[in-house]
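One letter stands for each residue in the lines below.
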Amino acid sequence: MAQGQLLRVELPSDPSMLCVVRGAIERLTEAFGFSAPEVRSVTRAVDEALTNIMRHSYGGALDRRIEVSCLRVAKKRATNAEGFEVRLVDYGPKIDPAKLRGRKLEEIKPGGLGLHFIRQSMDVVEFRRARGANVLRLVKYLSPEGQEGN
Amino acid sequence: MLGGKPLQISMRALGATTVFDVTGDLDLAHSPEVRKALLTEIKEKKTLKVVMNMSKVRYIDSSGVASLVEGLKASRDAGTRFLLVGLSPAAREVLQLSRLLKIFETFDTEEAALAG
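Note that this is a predicted model, so its numbers are computed, not measured.

Thresholds, definitions, all that
- Residues numbered from 1 in each chain as written.
- Chains lettered and ligands numbered in written order.
- Predicted model: local features only at pLDDT ≥ 70, side-chain atom pairs only at ≥ 80, totals over all residues.
- Buried ≥ 20, exposed ≤ 12 C-beta atoms within 10 Å, placed from the backbone.
- Helix = DSSP H or I, 4+ residues; strand = E, 2+ residues; numbered from the N terminus.
- Pairing = 2+ DSSP bridges.
- Core = buried A, V, L, I, M, F, W, Y, C linked by C-beta atoms within 7 Å.
- Contact = placed C-beta atoms within 7 Å.
- Axes fitted to C-alpha atoms, helices over the stretch in contact; angles between N-to-C directions.
- Left-handed = near helix turned anticlockwise from the far one by under 90°.
- Nonpolar A, V, L, I, M, F, W, Y, C, P; charged D, E, K, R; others polar.

Asker: Describe the pairing of strand S4 (residues 124-130) of chain A, with residues and values.
Answerer: Moving residue by residue along a regular strand, the side chains alternate between the two faces of the sheet. All names here are of chain A. The element S4 is barely covered by neighbouring structure, given that only 0 of its 7 residues are classed as buried. Bridging between S4 and strand S5 (residues 133-141) involves 7 bridges; their strand directions are antiparallel. Directly across from glutamate 126, in S5, lies its bridge partner arginine 137. Taking the residues that link successive antiparallel strands as the turn, the S4-S5 hairpin has 2 residues, and the phi of arginine 131 there is positive, at about 50 degrees.

Here is the structure:
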């Protein structure tokens, strides 16, 4: 697989696109060398991040722009593992970082689980505001076993 | 619809029980449909036992989980029962991750749910 950028797509903020992105992420992470549980995990994180953008950043509008980029990132020194990075960019209002905490799992109520799934799935979850856009950076590192087979 | 596979929900009445057969991905595109069907059956029709057959649900996200939790809360408020049947490994994994699996009555087969 080539170094650097692996995939870059723009999609409308239409929930019917979610299964398309899930399909692409599944194939890409399989090819990258992740195990089946890791493939499911990364796919779920990206799906949840897109869902949050569609619901909260764009308030349910179907025609706003979302950019999704997948990259192979530099090896992490400590573990010598390669990483799969997903960058999601939207042009909605600035997000209050305090709202990115998610809810306590002890509470039994609908909603608020998406961020929990994202944090549970990924090694790095970073949010920043840049040039009028919300940028979410997610990274998952290959485990040593996955790296051997890659 | 641009890229999504349509969700299919069919409904069977078996005495005082209603069984929903759901096929497809339970994500943001489709969970509102499931939520509406569940809440209509539980809150408006006040069906005593609602069984959700999820054996053909391949994927479920947080919005799908939220719909199930709403169904469960509505059934508790109404004093009725809401049961899940045939959870796929992926659906079970998501409910476990959210620590919500234990709050649902789950059964491997429809027969067991109907008898339970």
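Asker: Account for the nonpolar core, naming residues and giving values.
Answerer: Ala45, Val46, Ala49, Leu50 and Leu88 of chain A together with Met54 and Val65 of chain B are the most contacted members of the largest nonpolar core, which totals 60 residues. For this core, the leading source of residues is helix H2 (residues 36-57) of chain A, giving 8 residues. When sequence neighbours within four positions are dropped, the list of residues in contact with valine 46 of chain A reads Val21, Ile25 and Val86 of chain A.

Asker: Before we move on, could you go through unusual backbone geometry and cite the residues and values that matter?
Answerer: With a phi close to 50 degrees, arginine 131 of chain A is a non-glycine residue in the positive phi region. Mapping arginine 131 of chain A onto the fold places it in the loop between S4 and S5. Accessibility expressed as a C-beta count within 10 Å gives 7 for arginine 131 of chain A, which makes it exposed. Even without a glycine there, the phi angle at lysine 46 of chain B is positive, about 50 degrees. With respect to the helices, strands and loops of the structure, lysine 46 of chain B is situated in the loop between helix H1 (31-44) and strand S3 (49-60). C-beta crowding within 10 Å serves as the criterion here: with 11 such atoms nearby, lysine 46 of chain B is assigned to the exposed category.

Asker: A description of the sheet that holds strand S2 (residues 17-26) of chain B should follow, citing residues and the corresponding values.
Answerer: Residue and element names in this part refer to chain B. Read from one edge to the other, the open sheet built from 5 strands follows the order S1-S2-S3-S4-S5, with strand pairing classed as mixed. Two strands in the sheet have a free side with no partner beyond their single neighbour: strand S1 (8-14) and strand S5 (105-107). Neighbour-to-neighbour, the strand axes of this sheet turn through a mean angle of 25 degrees, independent of strand direction. Pairing analysis gives 7 bridges linking S1 to S2, with the strands arranged antiparallel. Within S2, the residue paired with serine 10 across the bridge is aspartate 21. Relative to S2, H1 is tilted by about 175 degrees, and along the sheet it contacts S1, S2, S3 and strand S4 (81-85).

Asker: A description of the environment of glutamine 120 of chain A should follow, citing residues and the corresponding values.
Answerer: Position of glutamine 120 of chain A relative to the elements: it lies in helix H3 (residues 114-121). Taking the C-beta count within 10 Å as the criterion, glutamine 120 of chain A has 15 such neighbours and is therefore assigned partly exposed.

Asker: Outline the packing of H2 of chain A against H3 of chain A, supporting the account with residue identities and numerical values.
Answerer: Residues and elements named next belong to chain A. Between H2 and H3, whose axes approach to 8 Å, the crossing angle comes to 145 degrees. You can see that H2 and H3 cross each other, and the crossing is left-handed. Contacts from Ser41, Val42, Arg44, Ala45, Glu48, Ala49, Thr51 and Asn52 in H2 reach Gly114, Phe117, Ile118 and Ser121 in H3. Grouping the constituent residues of the contact of H2 with H3 by class yields 5 nonpolar, 5 polar and 2 charged.

Note that all results are geometric; they support no functional claim without further evidence.
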